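Structural overview for review
The chain contents come next:
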Amino acid sequence: MTDRYDVVVIGGGHAGAEAARIAARGGSSVALVTMARQAIGRMSCNPAIGGLAKGNLVKEIDALGGLMGEAADRSGIQFKILNRSKGPAVQGPRAQCDRDLYAEAVQNLLACEANLAVVEGTVRSLLIEGSRVRGVLLIDGRLLTSSACVVTTGTFLRALMHSGEEQSPGGRFGEPSAQTLSDSLRMLGLNLGRLKTGTPPRVDRSSVDFGRLVPQPGDASPRPFSILTDRLELPQVLCHLTHTSEATHQLIRANLHRAPMYSGQIAATGPRYCPSIEDKVVRFSDKPRHQVFVEPEGLNHPWLYMNGISTSLPSDVQDGVVRSLPGFEEAVIARYGYAVEYDFVNPQQLEPTLKVRGIEGLYLAGQINGTSGYEEAAAQGLIAGINALLAVRGRQPFILRRDQAYAGVMIDDLVTQGTEEPYRMFTSRAEHRLLLGCDSVYERLTPLIEELGISDIERLRRAAGRRSRMRAACAAAEQAVLTPERGTTEWLGPLGIVLREKTTVARLAQRIPFELKDFVTHCREASRWPELTWAVDGLSDEEREGVVNELRYAGYLERQQREADSLQRVEAVAIPGDMAYELPGLSRELVEKLNATRPVSLGQASRIRGMTPAALSLLRMHLHQRGRRADGAAGAVGKVSRSSARVGPEGQSDRSGSVRSSG
Amino acid sequence: MSSGDPADTIVAAATPPAKSALALVRMDGPRAHSMICGLANREPPAERVATRVTLTDHGETLDDCVMTLYMGPRSFTGNDLVELSLHGSPLVVENVIRAALRCGARMAEPGEFTERAVLNGKIDLIQAEAIADLIDARTSLQARMSLANMAGRLSNEAAGIRERLLFVISRLEAALDFSEEGYDFISREAAGTILDEVIRLEETLAQTYERGRATRRGLKIVLLGAPNSGKSTLLNTLVGSERAIVTEIAGTTRDLISETIEIAGLPVTVTDTAGLRASDNLIEVMGIERARLAASDADLILYLIDTTVGRTVADNDELSRLPHPPLVVYTKGDLSSGPVGELAISALRGAGMPELFCELDRTVRDRFAVRSDSPAVVNERQIAALRDGISALQMARETLETGASEEVILVDLYRGAEAVERLIGRIESEEVFAEIFAKFCIGK
């Protein structure tokens, strides 16, 4: 039996759902192959969407026509903007979600797509003809042909779960592993590695003494992720906080030999930034306690998610660890934590479109590329889906720049540097961070989907409306002039604003504190600047913040944009796909690195770790001689790498990447 | 593009083209070893072992010489490098270079060997500049200063600054990306304290520029004074030869006459000028104009007053017009004694000269000579990077003070860190590289 599609997406997790939906929206016929229909959109780990830097990814996904924001809004039971006290560029919206409602929302959103068929089954192998993907073969013998295929298998490739000394094949609790697809990928010449991740125990809610926990409320006025959401429908609930103690740590230390990561049972690398509790106890032995966030798995869900004590210790130790936490003295674990080991594909083998280099039509997205997190997966799924769609239509690929989106930073990092541990998004990975705030995503990104020809009329309409309202308000603020004459200074008095020279409301907004809403109310009472009051009244809270931010950070934004633009000259020097790097004068080590990444531009080459100015200048010279787009892009030879400045929660420098020259 | 292709094999004489006992020729690049072993007609010897070979080209003997191979990256340039110690005949050198060119090497651009060393990360830009300065050194103090920077004295200072900055940057980044972890990465006060320290360090370094520059370039001392106040006599005494014509006729010196001497380890150019007075003589007027121009550009002015005449209204007028306070010297002390407490000399008799030398030595040492215990910023490029860094960090400091969020402070901190990188030369536009290396002589 053969079914014909334009695009086949393997996997129905966060990456697969985005890839399938955007490709279907763009008019392709899409099959989403999943082991179980009801597992689509399942939250395998924590019941939350967003967070620092991750929240920006969700907003980017929403601006580009993805579904994660909408699904989180439909299932969110606690919304909170993290880093609220800091600037807009680094604030991260986060929502605690009802796990079941989230999956349901994703499934419902997919069900709306007429071009999208969900196929239940397990993929045996990819069908490759020459250097082109032709479809997939399922274990039950069914054949799905397609001209593009997006592989989003998450942690399921040759997955092995560890709980104490026990091991069992499987990608998620109670779900099987995909054993044969890895071979199919290996046979294409792809280089696979092994990673590890883990999940904490879930505790029966009724066994916990909430009186001993510290309540953690969400924001008073919760703000949705999606521009399409008018109202959040679900009741908002509390999270709670507890902590480990010396007793917890002693228990863990005494049982370390039974932890698979320490007994040698797991050799794969785990996420440094999301360490297991046994990791934390060993690595940060000077910390007397670690925070544990107690998060509801849903509105009526009987379980609690123990955020902060991810573990693969044996169940008797997990019982002891949980019961050592204040409020959990009588706690009953409903499901024990476990670690999972899985295959991933070194993402340096991908192009910036997430297409496998050398295989037409084959795209990889999500944890299979070595990332961790729903948001990272979803953003890749969306970009891979868009590119699969464009390839099917024979159109130019879609690549986000590093100064355009965190998604652009992430994908560039992955395909350029590869990764040795599960990659997580951080704001510090983005050198043009100030340009990438959540408050400007619709202005930055939504116009791009219009160019892609993906029909999303309501989103475009809303984004355009938002854009013109914000623009009008900014313009009105620029035009509202204040002079330090008596009437004006006295009028400003109650607001605590001191005026020494002629200025505009736009410049007033650069002062801290300045509350535009209060200012405009004050204006209205005095009938000053009706254009300004009218324009600001028309803004939503989020839009008003966007306007203030734009006015307040104008100087910094301009500077970062200039920096970003100047780097574009190096980005513009393309490296042909058939480039042979075995040039005299290039060290063997660099040739290997260049061959591993096969950068598409001189800019990408400059970001390869260990790249020297000499090697870069040699490449430039060689490209110049080849006579391809040699436009004398000289520019600054480098930047301080952001990765140099990253430290773990323990506050120790990551010495692996010190300030490097590149560029 | 002015810098050459790093994939080329380059060749140049490393010693001047003159008859000498030995002459050095260097070859660098991927084919340097194979080319030279071809000419030596033998397998490559072990690296870093001086090996006697006979170079021949098409049956013609070029020289019987000593060759040393260096394997990249364990070489000055980081590439495969050859050093040939030839017999010091310009003709032999020319023949060997010609043979290398026939093998496919090309002539090195000025400074290209050092440029390769920098590009390959063997040395940093400060060290490369110090090599050039060492070669140009005219005094032992200049040489000492260059040797210190070659050994990394300034680079080490910069590295220390960079490390402190990275410490602050990394903790502020952590405060942004891990704000939910419940850790205190760095307090604003602590960040401010470190930034203040870094700014202070950079400012201290920037203050060494005056001395570094003066020591590297040397000083200009201009002798000024009324006609017949003894300027030319003093010049002759200072340089120890009859450099300027001395007569009793006022206004003998018309043009500028310069000679270089060494004071406190600095090359000092002493310039004799036309005596200052109102004149109708066109040549003399032009000479006086030049004298004033020279004074405006001088690091130190010696204003000479004839003891027998004493300080005149015209002297007072001239003194008030000087760009900076001069050292006033009363001359012809053998004929009459100067005011009490003022420096008086008789250049002719030598009286007061030790005191004058002492005074000059003290002035140069106090104000211009690089201190042996301190690093020194020596050129315009270095000070420009340093000043950029200071201004970026001062901005960061102010932003920190206003209570702004970390990501805004970080924008300026990264600029500050980039300025330090630029100082070390690890990131530098290629134009600047080309400009710097054009100043080297070939083969260095």
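Please read these numbers as outputs of a predicted model, since none were measured by experiment. (Residues numbered from 1 in each chain as written. Chains lettered and ligands numbered in written order. Predicted model: local features only at pLDDT ≥ 70, side-chain atom pairs only at ≥ 80, totals over all residues. Heavy atoms only, no water.)

It is worth spelling out the domain arrangement of chain B at this point. Segmenting chain B into domains produces domain 1 (10-122), domain 2 (132-208 + 375-425) and domain 3 (215-367). Each of domain 1 of chain B and domain 2 of chain B has a C-alpha centre, and the two are 40 Å apart. (Domains from an automatic or database assignment.)

All names here are of chain A. A large share of strand β14 (residues 192-199) lies buried, amounting to 6 of its 8 residues. Sheet topology places β14 next to strand β21 (residues 338-345); 8 bridges connect them, and they run antiparallel. When the bridges of β21 are listed, glycine 193 appears paired with phenylalanine 344. (Buried < 20%, exposed > 50% of the residue type's maximum accessible area, 1.4 Å probe, protein only. Helix = DSSP H or I, 4+ residues; strand = E, 2+ residues; numbered from the N terminus. Pairing = 2+ DSSP bridges.)

Take the packing of aromatic side chains next. If you walk through the whole model with that rule in mind, you get 7 aromatic pairs over all chains. Arranged with centres 5.9 Å apart and planes meeting at 70°, the rings of A:Trp491 and A:Phe519 form a pair that is edge-to-face. Remark: A:Phe519 occurs in helix α17 (residues 516-525) and A:Trp491 occurs in helix α15 (residues 486-492); sequence separation between them is 28 residues. Neither A:Trp491 nor A:Phe519 differs from the other in exposure class; each is buried. Look at A:Phe519 and A:Trp529: their rings are 6.3 Å apart centre to centre, the planes differ by 20°, and that puts the pair in the stacked class. Note that A:Phe519 is positioned in helix α17 and A:Trp529 in the loop between α17 and α18 (530-537), a separation of 10 residues in sequence. A single burial state applies to A:Phe519 and to A:Trp529, both of which are buried. Grouping aromatic residues by their ring pairs yields a cluster made of A:Trp491, A:Phe514, A:Phe519 and A:Trp529. Positioned over the ring face of A:Trp491 is A:Arg528, at 4.3 Å from the centre of the ring. The cationic tip of B:Arg26 hangs over the ring face of B:Phe113; the distance from NZ or CZ to the ring centre is 4.9 Å. (Phe/Tyr/Trp six-rings, centres within 6.5 Å; stacked < 30°, edge-to-face > 60°. Lys NZ or Arg CZ within 6 Å of the ring centre and 35° of its normal.)

Residue and element names in this part refer to chain A. As for its placement among the helices and strands, arginine 402 is situated in the loop between α10 (374-392) and α11 (406-417). Sequence spacing of arginine 402 and glutamate 431 is 29 residues, and the spatial spacing of their C-alpha atoms is 8.0 Å. Excluding anything up to four places from it in sequence, arginine 402 contacts Gly408, Val409, Asp412, Asp413, Arg429, Glu431, His432, Leu436 and Arg607. At a separation of 2.7 Å, a polar atom in the side chain of arginine 402 contacts the side chain of aspartate 412. A distance of 3.2 Å separates a polar atom in the side chain of arginine 402 from the backbone oxygen of arginine 429. (Contact = heavy atoms within 4.5 Å. Polar contact = N/O pair within 3.5 Å; in protein donor to acceptor, adjacent residues only side chain to side chain.)

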